[in-house]
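Each chain is listed here by its residues.
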Amino acid sequence: MATSLSQAYRDTHLQPKHIIPLDFDTVHELPESHAWIQTDEFSRAAYQIRVNQSPATVPVIDLRSPDVVELMGNACRRWGMFQVTNHDVPSSLVDDVVEHAQRLFSLPAELKLKALRSPSGATGYGVARISPFFSKLMWHEGFTIMGSAAEHAQQLWPHHYEEFCDVMDNYQKKMKSLAYKILLLLLKSLGVDDQEDQQMDCSSASLYQSESALQLNSYPSCPNPNQAVGLAPHTDSLLLTILHQNDTNGLQIFQEGTGWTPVPPVPGALIVNVGDLMHIVSNARFPTVYHRVVPNNTRHRFSIAYFYGPPADSVVAPLLSSSEVQIPRFRPVKVKEYIGLKNKHLEEALHLIRV
Ligand SMILES: O=C(O)CCC(=O)C(=O)O
Ligand SMILES: [Fe+2]
């Protein structure tokens, strides 16, 4: 039987602190559990490097530009990320998703816990999945959807859950077609033409099918943001992530040599970033983006992340362009195997499949 993405994401041996977020409404000081400043992780180089103040940041690309393939290819080679405009996702739909996310996160903590992610589950309300890798907790709460949100939405609003589900479904449909469009453009920039689909081996053919997840993120304003972490540094696992952020700063990407660079909100634009599987497919021509979120003490940040990847049972391997001499940098790997490696080893997972 086919494995679903949510099965691939199943984890075990989680303690409650690895699932249950803080009740942010009741705390007015940063609790010890969330104070990162004295931890090893905080003093690791990645945290010490100051935020890069130079104006260079990820490019904003018009999806209708005649040079879109080249622009996106260049952006992914240089940054692993870009912001896209003219993407045909109605702003009213994006606003609806954010409004429903805000409605969810503003529920009382005891109600949100009714939709808590189960220890062996992948969907529902809870802390970030990467939490078990860090000794301190993040200033963040999330809600994960894979397919329909009905199961958990019913726990929150027994009589009025359909509207939430409809909005999330519509958004996922729009994201899916946008992600597919962007994937084709990126493959073209890598010298892979979908016209040649027929001759492709099974690993490249599976790139044209998809599975996805939608992640609603909430970062309340924080009493002591200098000692707290919104979302710890990580790379996304799948092919591409499409992210909407509200008008509140916080997202930063790590660039070798320059340090942490903020990715400021651009009204109407969506952020697209390369994930680990795209890094593998591109044979490391596109870097996978190491990113984090920093909290602030005045505003509540919300973001909506759509993770797009091939089916869990499919195989991903470097696609080598015929015009360049290339040695494969990674062995072929099943998507579910890679997710398993990531669940166990986090950022070490990529090293484990290097050849
Ligand atoms: O909130 C953000 O900007 C980033 C979210 C993120 O990195 C994630 O959900 O993986
Ligand atoms: Fe991420």
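The model shown is predicted, which means the values in this text are computed figures rather than measured ones. (Residues numbered from 1 in each chain as written. Chains lettered and ligands numbered in written order. Predicted model: local features only at pLDDT ≥ 70, side-chain atom pairs only at ≥ 80, totals over all residues.)

**Thoughts on the packing of helix H5 (residues 91–105) against helix H8 (residues 162–189)**
And then number 1: It is the contact of H5 with H8, at a shortest axis distance of 10 Å, that shows an interaxial angle of 135 degrees. In this view, H5 runs oblique relative to H8, as classed from their interaxial angle. At the point where H5 passes H8, the crossing takes the left-handed sense. Together, Leu93, Asp96, Val97 and His100 of H5 and Phe164, Val167, Met168, Asn170, Tyr171 and Lys174 of H8 make up the contact between the two elements.
And then number 2: Partitioned by chemical class, the residues of the contact of H5 with H8 number six nonpolar, two polar and two charged. (Axes fitted to C-alpha atoms, helices over the stretch in contact; angles between N-to-C directions. Helix = DSSP H or I, 4+ residues; strand = E, 2+ residues; numbered from the N terminus. Parallel < 35°, antiparallel > 145°, perpendicular 65-115°, else oblique. Left-handed = near helix turned anticlockwise from the far one by under 90°. Contact = placed C-beta atoms within 7 Å. Nonpolar A, V, L, I, M, F, W, Y, C, P; charged D, E, K, R; others polar.)

**Section: the sheet that holds strand S6 (residues 231–234)**
And then number 1: Read from one edge to the other, the open sheet built from four strands follows the order S6-S11-S8-S9, with strand pairing classed as antiparallel. One side of each edge strand has no neighbouring strand; the edge strands of this open sheet are S6 and strand S9 (259–262). Across this sheet, the average inter-strand angle for adjacent strands is 25 degrees, counted without regard to direction.
And then number 2: Alignment of S6 against strand S11 (residues 291–293), held across two bridges, turns out to be antiparallel. When the sheet's bridge partners are listed, His234 is paired in S11 with His291. (Pairing = 2+ DSSP bridges.)

**Section: the site of ligand 1**
And then number 1: The environment of ligand 1 is made up of Gln215, Asn217, Leu231, Asp236, Leu243, Gln245, Leu251, His291, Val293, Ser303 and Ala305.
And then number 2: At the level of secondary structure, the elements contributing two or more residues to the shell around ligand 1 comprise strand S5 (211–219), strand S7 (240–245), S11 and strand S12 (301–309).
And then number 3: Here the residues of the shell around ligand 1 are counted per class, giving five nonpolar, five polar and one charged. (Near = placed C-beta within 6 Å.)

**Some words on the nonpolar core**
And then number 1: Core analysis: the largest hydrophobic core is formed by 92 residues, its most contacted members being Met81 and Leu240.
And then number 2: Among the elements that line this core, the one with the most residues is H8, at ten residues.
And then number 3: Filtering out sequence-adjacent residues up to four positions away, Leu240 remains in contact with Ala179, Ile182, Leu183, Val272, Val274, Gly275, Met278 and Tyr308. (Core = buried A, V, L, I, M, F, W, Y, C linked by C-beta atoms within 7 Å. Buried ≥ 20, exposed ≤ 12 C-beta atoms within 10 Å, placed from the backbone.)

**Comments concerning the packing of helix H4 (residues 68–78) against H8**
And then number 1: Interhelical geometry of H4 versus H8 gives an angle of 80 degrees and a closest axis separation of 8 Å. Classified by the angle their axes make, H4 and H8 are roughly perpendicular. When H4 is examined against H8, the residues Val68, Val69, Glu70, Met72, Gly73 and Cys76 are found in contact with a partner set consisting of Leu185, Leu186, Lys188 and Ser189.
And then number 2: Residue composition of the contact of H4 with H8, grouped by class: six nonpolar, two polar and two charged.

**A closer look at the UniProt feature "domain: Fe2OG dioxygenase" (unreviewed entry) in the protein**
And then number 1: In the numbering used here, UniProt assigns the feature "domain: Fe2OG dioxygenase" (unreviewed entry) to residues 209–310.
And then number 2: Taken end to end, residues 209–310 is 6% helix and 44% strand, and its two terminal C-alpha atoms sit 6 Å from one another. (UniProt positions renumbered as here; feature names shortened; annotations may be inferred.)

**With respect to the pairing of S12**
And then number 1: Of all nine residues in S12, nine are buried; the element is thus mostly enclosed.
And then number 2: Judged by which residues are buried, S12 turns out to be covered on both faces: Arg301, Ser303, Ala305, Phe307 and Gly309 on one side and Phe302, Ile304, Tyr306 and Tyr308 on the other are all buried.
And then number 3: With nine bridges joining them, S5 and S12 adopt antiparallel strand pairing. In the strand pairing of S12, Tyr219 is matched with Arg301.
And then number 4: When S7 meets S12, the two strands line up antiparallel, connected through six bridges. Residue Ile242 lies in a different strand from S12, and its bridge partner there is Tyr306.

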